[in-house]
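Structure assessment
In case you want the letters, here they are:
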Amino acid sequence: MREPLLKRRIKFKEVATIGNWAKIPKPSSATGEDAGKSGSDLGINTKKLGSVDQTSSSRRKYDVFPEETLLLDWPKPITAGPGLQNLGNTCFLNSTLQCLTYTPPLALYLLSRSHSQKCKLRRQTTFCTFCELEKHVMRSLSGMRGKNTITPKSIVGRLKSIAKHFRVGRQEDAHEFLRYFIDSLQNSCLVGFEKLDHKQKETTVIHQVFGGYTQSRILCTVCKEPSCTIEPCLDISLEVKNCGSVEKALARFTKTESLTGDNKYRCSKCKTLVDATKQMTILEAPKILVLQLKRFEFGGFSMFGGGKISKMITFPEKLDIQPYMFKTKKKVLYELYGVLVHAGGSCNSGHYFSYVKAPNGVWYLKNDSEVRQVSVKQVLDQQAYILFYSAVQPVSI
Ligand SMILES: [Zn+2]
Ligand SMILES: [Zn+2]
């Protein structure tokens, strides 16, 4: 009997064509039949992080969104999209939206329109943050680039749906907005998945893009028994007081503390108070690493309710987080693609703007409606408030 030419039937994927974008493969949903198919099968260069010891993903049984289907690289080098109109103190929102628009795996997922085609909120004609961001990214990265400023009024108009305490027309903290916006995107992803346990809820596209895990490990100095607490994180906030660089701030974040004196630790094995050490590390690295530099001090004595650490804090274009990870020997490299800057004295005053690396690899200033090409040196000279890094292929040492 003749061997069949093909072992199995080849299924062709539908592709989305948006403006002058080339064919962008559509990531499948959790129940999609392409789960497990890598981007390289699709002719797209996807980069995966190196294997990290004790990844929680290996413990997961069910993924709302399979991470293998995320596309991490822009499929074609296009220039940056337009600026965003300021609708009255909305620079905190504009600068955040610009950084999200140029987050490759998120933008590529949005451009595939996978979300809106299945969105239950949309069918109920309820406001959906994910659908709004999808429309926004489609407009930003499609044919109308470079000419018309976008007015993000549909998002500004629903600010209270994103964060109840935000007030239209008032300057808000860009990081707080980012947190609420990402939470709102996560909630949109979970419509219809409410019954999942918290571990499964950490497998939405939002967690697959921004999510990592931190570990707090307490070690009893008597019995040497460790006690670990693992927490999911969608970004990392770094203390920057007395730190001149992001690397120093990360070293402080992961510094081993001694729990002694009044701070002794109750060891469950020794059943008594003991001296112990405590260390926070990154257990599982995210694909997109968002670092907030805590420049604002709340509850201070200034008239704005807090001061600001305005000094220069250096940050690299390429960042290796291996030294801050739990028992990882390989380099875990990231490349900078977005910098959100705050100019002024406090988070509720001053001005926010951002720098983004467009799909053509060129850096642009995005200052409300202004869009201007800049050098990477200009970007690295900024007083950054939020840094956006994307993972690159790890290099073994
Ligand atoms: Zn939606
Ligand atoms: Zn002990």
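The coordinates are above.
Residues numbered from 1 in each chain as written. Chains lettered and ligands numbered in written order. Predicted model: local features only at pLDDT ≥ 70, side-chain atom pairs only at ≥ 80, totals over all residues. Heavy atoms only, no water.

On a plain count of helices and strands, the protein chain comes out with 12 helices and 18 strands. Sequence-distant contacts, at least 24 apart, represent 69% of the contacts inside the protein chain between residues at least 6 apart. Split by element, the accessible area of the protein chain, about 19100 Å² in all, is 51% carbon and sulfur. (Helix = DSSP H or I, 4+ residues; strand = E, 2+ residues; numbered from the N terminus. Contact = heavy atoms within 4.5 Å. Areas by Shrake-Rupley, 256 points an atom, 1.4 Å probe, with all protein chains shown as cover.)

Next up on the list: the pairing of strand 15 (residues 351-357). Among the 7 residues that make up strand 15, 6 are buried, leaving the element largely enclosed by the rest of the structure. Direction of pairing for strand 14 (residues 333-343) relative to strand 15: antiparallel, over a ladder of 6 bridges. Counterpart to Leu 340 in the pairing with strand 15 is Ser 354. Bridging between strand 15 and strand 16 (residues 363-367) involves 4 bridges; their strand directions are antiparallel. When the sheet's bridge partners are listed, Tyr 355 is paired in strand 16 with Leu 365. Where strand 15 folds back on strand 16, the antiparallel hairpin that results is connected by 5 residues, among which Gly 361 adopts a positive phi of roughly 85°. (Buried < 20%, exposed > 50% of the residue type's maximum accessible area, 1.4 Å probe, protein only. Pairing = 2+ DSSP bridges.)

What follows covers the coordination of the zinc ion (ligand 1). Ligation of the zinc ion (ligand 1) by protein atoms is provided by His 115 (NE2), Cys 119 (SG), Cys 128 (SG) and Cys 131 (SG), these donors lying 2.1 to 2.3 Å from the ion. Geometry at the zinc ion (ligand 1) is tetrahedral, judged from the 4 donor atoms that bind it and their angles of 106 to 117° at the metal. Spacing between the donor residues of the zinc ion (ligand 1) along the chain follows H-x3-C-x8-C-x2-C. In this structure Cys 131 comes out as buried when scored by relative accessible area, which is 6%. (Donors = N, O, S within 2.8 Å, 3.2 Å for Na, K, Ca; no water. Tetrahedral: all angles 85-135°; square planar, octahedral: opposite > 155°, others 65-115°.)

A separate point is the coordination of the zinc ion (ligand 2). Here the zinc ion (ligand 2) is held by Cys 220 (SG), Cys 223 (SG), Cys 267 (SG) and Cys 270 (SG), and the distances to it run 2.3 Å. One can describe the donor arrangement at the zinc ion (ligand 2) as tetrahedral, given that its 4 donor atoms subtend angles of 106 to 113° at the metal. We note that the donor set of the zinc ion (ligand 2) lies within a single chain, spaced as C-x2-C-x43-C-x2-C. Relative accessible area serves as the criterion here: at 25%, Cys 270 is assigned to the partly exposed category.

With that settled, the discussion passes to the environment of His 175. Considering the arrangement of structural elements, one finds His 175 in helix 8 (residues 174-189). For His 175, a relative accessible area of 8% translates into the label buried. When the C-alpha positions of His 175 and Tyr 385 are compared, they lie 8.3 Å apart, and in sequence the two are 210 residues distant. Of note is the side chain of His 175, whose polar atom sits 3.4 Å from the side chain of Gln 292. (Polar contact = N/O pair within 3.5 Å; in protein donor to acceptor, adjacent residues only side chain to side chain.)

The next subject is the nonpolar core. Counting 62 residues, the largest nonpolar core has Phe 130, Phe 181, Val 205, Ile 206 and Phe 210 as its most contacted members. If one sorts the elements of this core by residue count, helix 8 sits on top with 7 residues. What Ile 206 contacts, discounting residues up to four positions off in sequence, is Leu 106, Phe 130, Ile 182, Leu 185, Gln 186, Cys 189, Gly 211 and Leu 234. Counting residues in each nonpolar core, the second largest holds 35 residues, with Ile 236, Ala 285, Leu 293 and Tyr 389 among its members. (Core = buried A, V, L, I, M, F, W, Y, C linked by side-chain atoms within 4.5 Å.)

A large share of helix 1 (residues 91-101) lies buried, amounting to 11 of its 11 residues. Within helix 1 the residues assigned to the buried category are Cys 91, Phe 92, Leu 93, Asn 94, Ser 95, Thr 96, Leu 97, Gln 98, Cys 99, Leu 100 and Thr 101.

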